[in-house]
Amino acid sequence: MVWWSFDLDGVLAEPPFGWNPAINRDVSLAPAPDTRLPPEPDRSVVDRLLEGSWYRVRYLLRPPRAVAVEAVRVAAECGRVMILTGRHERGRKHK
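Note that the structure is predicted; figures quoted are calculated from it, not measured. (Residues numbered from 1 in each chain as written. Predicted model: local features only at pLDDT ≥ 70, side-chain atom pairs only at ≥ 80, totals over all residues. Heavy atoms only, no water.)

Asks: What should I look at first to understand the overall build of the chain in this one?
Replies: The helix and strand inventory of the chain stands at three helices and two strands. Counted from the first residue to the last, the chain has its helices and strands arranged as β-α-α-α-β. When the 95 residues of the chain are sorted by exposure, 20% land in the buried category. In the chain, of all internal contacts separated by at least 6 residues, the share reaching a separation of at least 24 is 90%. (Helix = DSSP H or I, 4+ residues; strand = E, 2+ residues; numbered from the N terminus. Buried < 20%, exposed > 50% of the residue type's maximum accessible area, 1.4 Å probe, protein only. Contact = heavy atoms within 4.5 Å.)

Asks: Honestly, the confidence of the model for the chain in this entry has me stumped. Any pointers?
Replies: The share of residues in the chain with pLDDT of 70 or more is 69%, and the mean pLDDT across the chain is 76. Taken element by element, the predicted model of the chain shows its lowest mean pLDDT in helix α2 (residues 54-60) (75) and its highest in helix α3 (residues 68-78) (92). (pLDDT = per-residue confidence, 0-100.)

Asks: When you look at the pattern of salt bridges in this model, what are you seeing that I'm missing?
Replies: Once the charged atoms of two side chains with opposite charge are near each other, the side chains can pair. What the rule picks out here adds up to three salt bridges. Where Glu 14 meets Arg 65, a salt bridge forms, and the shortest distance between an N and an O atom there is 3.5 Å. Taken as a pair, Glu 14 in the loop between β1 (3-7) and α1 (45-52) and Arg 65 in the loop between α2 and α3 lie far apart in primary sequence, 51 residues in all. As a salt-bridge pair, Glu 77 and Arg 73 come within 2.3 Å of each other at their nearest N and O atoms. Within this pair, Glu 77 and its partner Arg 73 are both found in helix α3, separated by four residues, close to a single helical turn. The exposure class assigned to Glu 77 is exposed, which follows from its relative accessible area of 57%. The partly exposed category is assigned to Arg 73, whose relative accessible area is 40%. Each of Glu 70, Arg 73 and Glu 77 takes part in a single network of salt bridges with overlapping partners. (Salt bridge = Lys/Arg side-chain N within 4 Å of Asp/Glu carboxyl O.)

Asks: Explanation requested: the environment of Tyr 55 in the structure shown.
Replies: Looking at the element boundaries, Tyr 55 is found in helix α2. Once the C-alpha coordinates of Tyr 55 and Arg 87 are considered, the two residues, 32 residues apart in sequence, prove to be 9.3 Å apart.

Asks: I tried to follow the environment of Ala 75 on my own but got confused; where do I start?
Replies: In this fold, Ala 75 is placed in helix α3. Considered as a pair, Ala 75 and Trp 4 are 71 residues apart in the sequence and their alpha carbons are 6.5 Å apart. The residues contacting Ala 75, other than those within four sequence positions of it, are Trp 4, Phe 6 and Val 81.

Written out as structure tokens, the structure is:
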């Protein structure tokens, strides 16, 4: 099986104003949640406010690059696709 991986911001999605502010920063990813564990309790009010405001605005100006969707589609026809991101988990839902 062939795996294709694409970075999200700066590769598939345009960085805001053509500048990627995460370069040279620690963008360590949290481990993927273990589906065998019970779901986490409700998020705090602060988490919900940040997710609905700051992270929504932060990723709003990052549209997909012109050929990104087609590139991922072609890669998916040839194998499995994995999208990598350094986005904070609060902002991963936003496109």
